[in-house]
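# Chain and residue survey
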Amino acid sequence: MTTTQSTPRNRLEYESRFLKSVSDRIKNDNGAKADFKRALSCEPEHIRKVYPVVLPYVGNTSEWEQTKIWIPVACLSVYYPSTQQKGNFGHSCRGLATATNSEGADRRFRTLLDLTLTDIQSPLTALVRQMKSKGIAINYPQLLADLRQWEHPNQYIQDRWARAFWGAPPSSLDESEPAADDIAE
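Starting afresh in each chain, residues are numbered from 1 along the sequence in its written order. Whole-chain, interface and lining totals are the exception, using all residues; otherwise, since this is a predicted model, local features are given only for residues with pLDDT of at least 70 and side-chain atom pairs are given and counted only at 80 or more. Excluded from the side-chain calculation are hydrogens and water; included are all heavy atoms of the structure.

### Digging into the side chain of S77
The topology assignment puts S77 in helix α4 (residues 63-79). The rule is simple: take the accessible area with a 1.4 Å probe, protein chains only, and divide by the maximum for that residue type; under 20% is buried, over 50% is exposed, in between is partly exposed. Among the residues examined, S77 registers a relative accessible area of 13% and is labelled buried. One polar contact links the side chain of S77 to the main-chain carbonyl oxygen of A74, over a distance of 2.8 Å. For helices the rule is a DSSP run of H or I covering at least 4 residues; for strands it is a run of E covering at least 2, with both sets numbered from the N terminus onward. Polar contacts here mean pairs of N or O atoms no more than 3.5 Å apart (in protein, one a potential hydrogen donor and the other a potential acceptor; neighbouring residues in sequence count only if both atoms are side-chain atoms).

So this is what it looks like as structure tokens:
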């Protein structure tokens, strides 16, 4: 029996399929789109309304991961559809900082890097709202994959975002994934 090594591309394909499935399911349903936008408030009664659309596609993920990662990113992708397939959220934040010519985006980004996954949804939503107003693209499949690893003890996702934001060349860690036993999936 052969095993398939989990590569970043394979993971992004899974996240991409999930987001496409959600998008296709609500494409012509303005009521469902409104439910997703209301769910950004994090109120349980609004989040439950997106369960029928999201839960069939999240597979074997925990309830915690569904409510802290999959549902919020699905809601953001419905609120502000973006088809960018390159870069990470640090690149998008850099684009926002450049577009606004203010230190607000820098300050918000620094704060974001220090947050736990439990506390990240509201600041992340605020940044996406600003990106929408400036037309800054977001790579949602990469955002999903990154948030799934946000709590990794090495904080390699936060490092990647920071390097992307401040324009540092990719490190060798950006080229490869941590060892398989270091990743909590």
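### Considering the packing of α4 against helix α7 (residues 121-134)
Between α4 and α7, the shortest axis-to-axis distance is 11 Å and the interhelical angle comes to 15°. One element, α4, and the other, α7, form an angle in the roughly parallel class. Between α4 and α7 lies a crossing of right-handed hand. Note on element contacts: α7 touches α4 through Q121, L124, T125, V128, R129 and K132, opposite T67, P72, L76 and Y79. A per-class count over the contact of α4 with α7 returns 5 nonpolar, 3 polar and 2 charged. Axis lines are fitted through C-alpha atoms, for helices just across the contact stretch, and the angle between N-to-C directions can take any value from 0 to 180 degrees. Any angle that is under 35 degrees is reported as roughly parallel, and any over 145 degrees as roughly antiparallel; angles of 65 to 115 degrees are reported as roughly perpendicular and all others as oblique. Crossings are classed by handedness, with left-handed meaning an anticlockwise turn of the near helix from the far one by less than a right angle and right-handed meaning a clockwise turn. Whether two residues are in contact is decided by their heavy atoms, any of which lying within 4.5 Å being enough. Polar here means any residue outside two lists: the nonpolar Ala, Val, Leu, Ile, Met, Phe, Trp, Tyr, Cys and Pro, and the charged Asp, Glu, Lys and Arg; Gly therefore counts as polar.

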